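# Survey of secondary and tertiary structure
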Amino acid sequence: MKSAEIVDLFTKQVVPSYGRYPMAFVRGKGTRIWDAEGREYLDFCTGIAVNALGHAHPAIAETLYRQAQTLIHTSNLYHTEPQGRLAGRLVALMGDGKCFFCNSGGEANEALFKLARKFGHDEGRYEIITTLNSFHGRTLAGIAATGQDKVKKGFEPPVDGFKHVPYNDLAAMEQAIGPKTIAILIEGIQGEGGIHPATPAYLRGLRELCNRKKLLLLMDSVQCGMFRSGRFQSFQRILEACPGDDFLPDAVSMAKGLGGGVPIGCIWARQPYANLLSAGSHGTTFGGTPLICAVALTVLDIVEKENLGENARRMGEHLKKRLASLNSPHIKEIRGLGLIMGIELKAGIPSLKAEGKLPSALFINRLHDQGLLTVPAGAQTIRFLPPLNLSLAEADEGIDRFRKALAGLQ
Ligand SMILES: Cc1ncc(COP(=O)(O)O)c(C=O)c1O
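Because the structure is predicted, anything quoted here is derived from the model rather than measured.

## Some words on the site of the ligand
The ligand sits among 15 residues. The nearest are Ser104, Gly105, Gly106, Val222 and Gln223. When residues of the shell around the ligand are assigned to their parent elements, the largest contribution, 3 residues, is made by helix α5 (residues 105–120). Classifying every residue of the shell around the ligand by side-chain character gives 4 nonpolar, 8 polar and 3 charged.

Next comes the structure, spelled out in structure tokens:
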């Protein structure tokens, strides 16, 4: 089918809940992806931080084939080796605790909310404080947790028990805590909100605050986790500035890159909270199937064997340096850690003005014209989320395409 025919199918038969770009993709390989007419793009979007190893990685294809011939699904009425082994790998990366598997980031956050409510239930505490500009998914509780009004509009009344305070503001967080508060939830790096990393002092302050007020410290690592920052968890990377710090949140949600492209969600909770979700209290039919967990194990194997956390760190530094050396009058700030990067454009660029369109979205169209896929994060910021195995040549090619798009601006 031609792109226009595929787009037509969507227009007629797919719910219009996304403002989709006009491209229709049919094939990918590594950092490259092709549309139905054979036009090639360099993929710095990776399905919004999902394809950690790029497209069509042979080890993922091989695992899918082998596991599909062995056992795809059993439900969670039974035990399967891949889920048990994946939980073991994640616990080894995180710390003493246990995992619950589901199918997406939104669902993983639901598990965090339920864990928190269970923790506070007998004391009548249920309120979770999150931050302004956060993003925690599209479920009803997810939009209530998200600190952005645009996701809530039209879906009132909101799920009770969420409030928001400014990010990286410890005093505001402490002030917001009330008798009903049970948990604090933050992203280690705000993703959708524009790529804003937490400061080391904020993370350590929140840990102390939660200890003092008997609150759970929850972290949403759906986007910033899975080695994207250079370490498995972004808080581990951020706290490298504080050697010897044994910071750990109480529970963490993960998804996206964990499956390298197959749908997975997960929470890790540390002891003594890991047993709060007792038999019958939470579940999902598909969570943690042998197929998905086998792929996630393969992704972890490759990331570790090829030291892709280190690659993400090096490529991130390289991209930042190259972007800075463009000396563009249109770039206000470059933020992020490793391969989760935000490039904030200056406000008021005349070529990025159009009725009802965000400047970031208009610039993304120009990047598409240059053959570079990226994703906006708010009104002014362009996100780079390339695969963790990005090569130096691909990083340079991406910058070249970005530079050409910048050069077209007035
Ligand atoms: C930080 C964060 N949390 C949660 C979600 C929701 O994940 P999903 O779209 O897999 O439900 C996202 C998705 O972008 C995210 O970035």
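And the narrative resumes.
## Description of the sheet that holds strand β7 (residues 181–187)
The strand order β4-β12-β11-β10-β7-β5-β6 describes an open sheet built from 7 strands, whose pairing is mixed. Since the sheet does not close on itself, it has two edges, and those belong to β4 (97–102) and β6 (162–165), each with one partner. Shown here is a sheet whose adjacent strand axes are inclined to one another by a mean of 20°, direction ignored. Both β7 and strand β10 (residues 216–220) contribute to a ladder of 5 bridges, which runs parallel.

## What about the pairing of strand β11 (residues 251–254)?
Burial of β11 is two-sided: the residues Ala251 and Ser253 facing one way and the residues Val252 and Met254 facing the other way are all buried. Across 4 bridges, the pairing between β11 and strand β12 (residues 265–270) is antiparallel. Across the sheet, the residue bridging to Ala251 is Ala269, located in β12.

## Considerations on the sheet that holds strand β15 (residues 372–373)
One open sheet holds the 4 strands; their spatial order is β1-β2-β3-β15, and the pairing between them is mixed. Two strands lie at the open edges of the sheet, namely β1 (25–29) and β15, each paired on one side alone. Note that β1 and strand β2 (residues 32–35) share 4 bridges and pair antiparallel. If you follow Lys29 over to β2, its bridge partner there is Arg32.

## Regarding the domain arrangement of the chain
Examined at the domain level, the chain breaks down into domain 1 (3–56 + 307–407) and domain 2 (60–305). Here the C-alpha centroids of domain 1 and domain 2 sit 26 Å apart. Counting residues at the interface gives 25 residues for domain 1, matched by 28 residues for domain 2. At the level of elements, α2 (46–49), α11 (308–325), β13 (331–337), β14 (340–345) and β17 (381–384) are the ones that each hand at least two residues to the side of domain 1 that touches domain 2. For the side of domain 1 that touches domain 2, the leading source of residues is α11, giving 5 residues. Of the residues that constitute the side of domain 1 that touches domain 2, the class distribution is 13 nonpolar, 9 polar and 3 charged.

## Description of the nonpolar core
Note on soluble globular proteins: their nonpolar side chains tend to be buried together. Residues Leu112, Ala116, Ile184, Leu216, Leu218, Cys266 and Ile267 are the most contacted members of the largest nonpolar core, which totals 104 residues. Here this core gets 9 residues from one element, more than from any other, and that element is helix α10 (residues 290–305). With residues near it in sequence (within four places) discarded, Ile184 still touches Ile129, Met173, Leu206, Cys210, Leu215, Leu217 and Leu218.

## A short note on the pairing of strand β3 (residues 40–43)
Pairing of β2 with β3, which is carried by 3 bridges, proceeds in the antiparallel orientation. For Trp34, the partnering residue across the bridge sits in β3 and is Glu40. From the end of β2 to the start of β3, which pair antiparallel, there are 4 residues, and Gly38 there has a positive phi angle of about 85°. Note that β3 and β15 share 2 bridges and pair parallel. Following the sheet pairing, Asp43 is matched in β15 by Leu373.

## Quick notes on helix α4 (residues 81–94)
Over its 14 residues, α4 extends 20 Å from the first C-alpha to the last, a length consistent with the 20 Å expected when each residue adds 1.5 Å. Taken together, the buried positions of α4 are Pro82, Gln83, Leu86, Leu90 and Met94. Looking down the long axis of α4, one finds its buried residues gathered within 100° of arc, a one-sided arrangement. Among the exposed residues of α4, those oriented more than 90 degrees off its buried face are Glu81, Gly84, Gly88 and Ala92. Where α4 is buried, its residues touch β4, β11, β12 and α10.

## Describing unusual backbone geometry
Backbone torsion omega between Glu156 and Pro157 reads 0°, so that peptide bond is classified as cis. Considering the arrangement of structural elements, one finds Pro157 in the loop between α6 (140–145) and β6. Looking along the chain, the bond that leaves Gln271 and enters Pro272 is cis, with omega of 10°. Position of Pro272 relative to the elements: it lies in the loop between β12 and α10. Positive phi, normally seen in glycine, also occurs at Asn133, with a value near 75°.

Reading the values: rules and limits
- Chains are numbered independently. Their residues run from 1 in the order of the written sequence.
- Confidence filtering applies because this is a predicted model: local features only for residues at pLDDT of at least 70, side-chain atom pairs given and counted only at 80 or more, and all residues used for totals across whole chains, interfaces and linings.
- By convention here, the C-beta atom is placed from the backbone, and a residue is near a molecule or strand when that atom is within 6 Å of it.
- To qualify as a helix, a DSSP run of H or I must reach at least 4 residues; to qualify as a strand, a run of E must reach at least 2; elements of each kind are numbered from the N terminus.
- Residues are grouped as follows: Ala, Val, Leu, Ile, Met, Phe, Trp, Tyr, Cys and Pro are nonpolar; Asp, Glu, Lys and Arg are charged; every other residue, Gly included, is polar.
- Here, any two strands with at least 2 DSSP bridges between them count as paired.
- For every element, the axis is a line fit to its C-alpha atoms; helices are fit only across the contacting stretch, and the angle between N-to-C directions ranges from 0 to 180 degrees.
- Field definition: a residue is buried when 20 or more other C-beta atoms are found within 10 Å of its C-beta, exposed when 12 or fewer are, and partly exposed for counts in between, with C-beta atoms placed from the backbone.
- What counts as a domain boundary in this text is fixed by an automatic or database domain assignment.
- C-beta atoms are first placed from the backbone for all residues, and any pair lying within 7 Å is then listed as a contact.
- Take the buried Ala, Val, Leu, Ile, Met, Phe, Trp, Tyr and Cys residues, join any whose C-beta atoms are within 7 Å, and the set you get is a nonpolar core.
- A helix is expected to reach a length of 1.5 Å times the quantity of its residues less one.
- Think of it as the arc spanned by the lines of direction from the helix axis to the C-beta atoms.

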